[in-house]
Amino acid sequence: MDWQERLAEAQRVVVLTGAGVSAASGVPTFRGEGGYWRAGSRVYRPQELATRAAFDAMPEVVWPWYLWRRGVCRRSEPNATHRYLADAATRRGAGLTLVTQNVDGLHLRAGSPPERTWEIHGNLDFLRCAAECTAARYPLHDDAVLPSQDARLTPAIARRLRCPRCGGPGRPHVLWFDESYDEARYRWSSSVAAAEGCDALVVVGTSGQTNLPLTMARLALQRGALLLDVNPERSPFASLAERSGGAWVQGKADVLGHRVSL
Ligand code: OAD
């Protein structure tokens with residue numbers, strides 16, 4: 001059987017997405033052109049700024065960076081790939097799980113079902129208690145956006161950034177480089193189980209630099225699943241797919257629904 005036939009027969013499909021899926025919506029990728037992380041006059045490396053340590057030391061620098069990005073995401077609209085995946089999830093029901101590294105919320109805004117759309121790196125539209133008084137996440141107020149990454153927090157916005165439960169400082173609901181995946185916040189165990197139980201894992205628009213996506217690919221392959229990688233550039237998933245009878249579908253995310261049907 002070729003990969004198209006295996007995909008057509010797959011009952012349990014997991015789709016794993018990265019920043020490339022939102023590129024057509026105008027949301028910058030992480031490692032693409034212009035992908036450096038800047039705040040004020042300083043240029044930070046992501047590993048420096050997107051950390052719990054940086055947040056504790058300078059929340060007035062870290063929060064604006066996220067609120068500026070949140071503004072970019074909220075001005076963006078879901079694209080054809082987000083909508084195709086939402087339709088596929090509706091058609092397939094429990095047979096399709098969407099695992100996304102994207103924090104832009106665009107899959108949910110396109111109509112992907114929240115119960116089967118797992119945001120393993122969080123979502124910019126939510127905050128959590130910085131002291132973890134609860135693992136609950138709370139929607140950020142619409143006003144909590146900034147026009148640029150250099151903008152300062154206003155007192156009105158700063159008031160929006162408190163934990164609604166205990167009144168202490170809130171933090172962005174995102175996974176930082178010096179933190180670990182877990183189930184309660186980031187659906188670690190569920191994602192691992194989905195990869196172990198799937199017939200096909202379709203990876204779209206990610207460079208494969210983070211831990212959980214690569215773990216999922218390896219687990220899926222160990223269980224004999226089909227692995228496909230959709231990406232204009234070669235990634236570690238492409239090599240894994242090609243070595244295991246799957247395929248690197250070289251192209252942009254919008255090949256979903258055309259060359260790759262779910
Ligand atoms: P990257 O910026 O690392 O990679 C984006 C990938 O998308 C690259 O492999 C591109 O070739 C591909 N790409 C670009 N345009 C595309 C298009 N139109 N269609 C399909 N693919 C396209 O972003 P991610 O892999 O998503 O984590 O980054 C993973 C994680 O690294 C992020 O979630 C973030 C970051 O550190 C956290 O913040 C925890």
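Please read these numbers as outputs of a predicted model, since none were measured by experiment.

**Student:** Would you take a moment to explain the pairing of strand β9 (residues 200–204) for this structure?
**Tutor:** For a regular strand, side-chain orientation follows a simple rule: the groups alternate between the two sheet faces. Here β9 lies mainly inside the structure; five of its five residues are buried. Residues Ala200, Val202 and Val204 point to one face of β9 and Leu201 and Val203 to the other, with burial holding for every one of them. Bridge count for strand β1 (residues 13–17) against β9 is five bridges, and the pairing is parallel. Bridge assignment links Val15 to a residue of β9, and that residue is Val202. When β9 meets strand β10 (residues 226–231), the two strands line up parallel, connected through five bridges. Bridge assignment links Val204 to a residue of β10, and that residue is Val230. As for the winding sense of the linkage, the β-α-β connection from β9 through helix α10 (residues 211–222) to β10 is right-handed.

**Student:** So what exactly am I meant to see when it comes to the packing of aromatic side chains here?
**Tutor:** Under the counting rule described, the total for this entry stands at four aromatic pairs. Centre to centre, the rings of Tyr66 and Trp176 are 6.4 Å apart; their planes meet at 50°, and the pair counts as tilted. Within this pair, whereas Tyr66 is found in helix α4 (residues 59–75), its partner Trp176 is found in the loop between β8 (170–174) and α8 (183–186), the two being separated by 110 residues in sequence. Here Tyr66 falls in the buried class, since its relative accessible area comes to 5%. Classification of Trp176 as buried rests on a relative accessible area of 2%. A connected cluster of aromatic rings, assembled from ring pairs, spans Phe55, Trp65, Tyr66 and Trp176. Between Arg137 and the ring centre of Phe126, over which it is positioned, the NZ or CZ distance is 3.8 Å. Its guanidinium or amino end placed over the ring of Trp176, Arg171 lies 4.0 Å from that ring's centre, counting from NZ or CZ.

Definitions and cut-offs
Residue numbers here run from 1 along each chain, matching the order of that chain's written sequence. Selection of residues for local features in this predicted model requires a pLDDT of at least 70, selection of side-chain atom pairs for listing and counting requires 80 or more, and totals for whole chains, interfaces and linings are taken over all residues. By convention in this description, side-chain values take in all heavy atoms of the structure and omit both hydrogens and water. Using a 1.4 Å probe on the protein chains alone, a residue whose accessible area is under 20% of its type maximum counts as buried, one over 50% counts as exposed, and one in between counts as partly exposed. The helix and strand labels rest on DSSP assignments: H or I over at least four residues marks a helix, E over at least two residues marks a strand, and numbering proceeds from the N terminus. Strand pairing is assigned whenever DSSP identifies at least 2 bridges connecting the two strands. With the strands pointing away from the viewer, any crossover whose connection runs clockwise from the first strand over the helix to the second is right-handed. Here the aromatic set is Phe, Tyr and Trp, taking the six-membered ring for Trp, and pairing holds for ring centres within 6.5 Å; pairs whose planes are under 30 degrees apart are stacked, those over 60 apart are edge-to-face, and all others are tilted. Over a ring means this: the NZ of a Lys or the CZ of an Arg is within 6 Å of the ring centre and within 35 degrees of the ring normal.

Functional significance is not addressed by these values, which are geometric in nature.
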